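# A closer look at the structure
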Amino acid sequence: MKKILIITCIAIIGFLPTTLKSQTKQYYSIDWSIGIPIGSSSDFISAVSPAGFNFGGQIYMTDNVALDFGVGWNNFYELKDRETYTKGGFAITAAQYRYISYIPFKAGGMYNFMPSSKIQPYAGLNIGFNYMTENVFIQENLIWTDQYGFIISPEIGAFLSFDEESSMGLHVSAAYTYNTNEFSFMKNYKGFQNITFNVGLTFMLGR
C-alpha cells in the first residue's frame with residue numbers, strides 16, 4: 001500500500017505538466033539537498049546529512065504567483081558512542097548506529113518577486129505528507145519503525161537564468177520543514193524538524 005501511494009504521487013507530479021498549455025511558464029528543478037536536524041530531532045541525530053535530492057516544479061498562474069510542488073529524499077546517519085540501552089529486564093552497552101530516512105511529498109504556492117529578471121528571488125509555503133523510517137542498530141539488535149506524518153515547509157530561494165535565450169538556470173534555496181512524526185528511543189523527539197539547503201539545475205519552459 002505504501003509503495004502504491006508513493007508511485008501514485010510521483011505519477012501525478014509527472015502527469016500534471018502535460019495537462020497544461022505549452023505557453024504556460026513552468027520551471028522544473030533537480031537539486032542536491034543537504035539536511036540539518038534541529039530542535040529535539042538533533043537529540044536523536046545531530047549530524048548533517050549530505051545525502052539527499054529534490055525534484056520540484058513551479059507552474060505560473062500569473063507573472064508572479066506559481067503553483068509549487070515537489071518530492072524529495074534525505075537520509076540522516078550518525079554513529080553514537082557507547083551507551084547503555086535497557087528494555088524488558090536486560091541491558092546492552094554498545095555503540096549505536098542511528099538512521100532516519102524520509103520522503104516528503106508537498107505542494108503549495110510560491111511568489112516570484114522579479115519574474116523578468118536574470119536573478120529571480122522567491123518565497124513559498126508548502127504543505128503535504130512524508131514517509132519516514134527510523135533505525136537503530138545496537139550490536140546485532142535492530143530497532144525499526146516507519147510512519148507517515150504531516151508537513152509544513154516555508155522556503156526562500158532564487159532562480160538564476162544563464163542567459164536570456166537559455167532554457168536552463170541555477171536554483172538555490174533554503175527550507176525549514178516541520179513533520180508531525182514522533183519517535184521514542186532514549187532521546188525522544190516529537191515533531192521532526194530540519195533545515196535543508198538545496199542547489200541544482202532549473203529547466204525553464206514557456207519563457
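You'll find the structure just up there.
So, a few notes on the structure that sits alongside this text. (Residues numbered from 1 in each chain as written. Predicted model: local features only at pLDDT ≥ 70, side-chain atom pairs only at ≥ 80, totals over all residues. Heavy atoms only, no water.)

## A few points about the overall build of the protein chain
- For the protein chain, the helix and strand inventory stands at two helices and eight strands.
- Sequence-ordered secondary structure for the protein chain, helices as α and strands as β, is α-β-α-β-β-β-β-β-β-β.
- For the protein chain, the proportion of its 207 residues judged to be buried stands at 44%.
- Taking all contacts inside the protein chain whose residues are at least 6 apart in sequence as the whole, residues at least 24 apart take part in 64%.
- Of the roughly 10700 Å² that the protein chain leaves accessible, carbon and sulfur atoms contribute 65%. (Helix = DSSP H or I, 4+ residues; strand = E, 2+ residues; numbered from the N terminus. Buried < 20%, exposed > 50% of the residue type's maximum accessible area, 1.4 Å probe, protein only. Contact = heavy atoms within 4.5 Å. Areas by Shrake-Rupley, 256 points an atom, 1.4 Å probe, with all protein chains shown as cover.)

## Comments concerning the pairing of strand S2 (residues 51-60)
- Most of S2 sits out of view: seven of its 10 residues are buried.
- In this sheet, S2 lies alongside strand S1 (residues 26-38) in antiparallel orientation, the contact comprising seven bridges. Paired with aspartate 31 across the two strands is asparagine 54, which belongs to S2. (Pairing = 2+ DSSP bridges.)

## As for the nonpolar core
- The biggest cluster of nonpolar side chains holds 12 residues, and these are Phe44, Ile45, Phe76, Ile92, Ala94, Ile100, Tyr102, Met132, Val136, Ile138, Phe183 and Phe192.
- Here this core gets four residues from one element, more than from any other, and that element is strand S4 (residues 90-112).
- Of all hydrophobic cores here, the second largest spans seven residues; its members include Ala66, Met110, Tyr122 and Met204. (Core = buried A, V, L, I, M, F, W, Y, C linked by side-chain atoms within 4.5 Å.)

## Here we look at the packing of aromatic side chains
- The tally for this structure, following the rule as stated, stands at 14 aromatic pairs.
- Considering the side-chain rings of phenylalanine 76 and phenylalanine 192, the 5.8 Å spacing of their centres and the 70 degrees angle between planes classify their relative orientation as edge-to-face. Here the residue phenylalanine 76 occupies a position in strand S3 (residues 65-87), and phenylalanine 192 occupies one in strand S8 (residues 189-205), the gap between them amounting to 116 residues. Taken individually, phenylalanine 76 and phenylalanine 192 each receive the classification buried, so the pair is uniform in this respect.
- With a centroid separation of 6.5 Å and 50 degrees between ring planes, the pair formed by phenylalanine 129 and tyrosine 148 is classed as tilted. Of the two residues, phenylalanine 129 is situated in strand S5 (residues 119-138) and tyrosine 148 in strand S6 (residues 141-161); the sequence distance between them amounts to 19 residues.
- Aromatic rings pair up to connect Tyr27, Tyr60, Tyr122 and Phe159 into one cluster.
- Looking at lysine 25, its charged tip hangs above the ring of tyrosine 60, at a distance of 4.2 Å from the centre. (Phe/Tyr/Trp six-rings, centres within 6.5 Å; stacked < 30°, edge-to-face > 60°. Lys NZ or Arg CZ within 6 Å of the ring centre and 35° of its normal.)

## Section: the pairing of strand S7 (residues 168-183)
- In the sheet, S6 pairs with S7 via nine bridges, with the strands oriented antiparallel. Counted as the bridge partner of isoleucine 156 is alanine 174 from S7.
- Between S6 and S7, which follow one another and run antiparallel, lie six residues.

## Focus on the side chain of asparagine 135
- The residue asparagine 135 is located in strand S5 in this model.
- Non-local contacts of asparagine 135, meaning those with residues more than four positions away in its chain, are made with Phe44, Tyr97, Arg98, Tyr99, Leu142, Ile143 and Trp144.

## A closer look at empty space enclosed by the protein
- Counted by the stated rule, this structure contains one cavity of 30 Å³ or more.
- Surrounding the largest cavity, 25 residues form its lining, Asp31, Asn54, Lys106, Glu155 and Asn198 being those nearest its centre.
- For the lining of the largest cavity, the per-class residue count stands at seven nonpolar, 14 polar and four charged. (1 Å grid on protein atoms, 1.4 Å probe; cavity = no way out; pocket = protein on both sides within 12 Å on 5 of 7 lines; lining within 4 Å. Points joined across faces, edges and corners; volume = space filled by probe spheres on them. Nonpolar A, V, L, I, M, F, W, Y, C, P; charged D, E, K, R; others polar.)

## So, the pattern of salt bridges
- Applying the stated criterion to the full structure yields one salt bridge.
- Here lysine 80 makes a salt bridge to glutamate 78, at a shortest N to O gap of 3.5 Å.
- Given a relative accessible area of 16%, lysine 80 falls into the buried group. (Salt bridge = Lys/Arg side-chain N within 4 Å of Asp/Glu carboxyl O.)

So, to be careful, I would describe these as geometric facts and stop short of saying anything about function.
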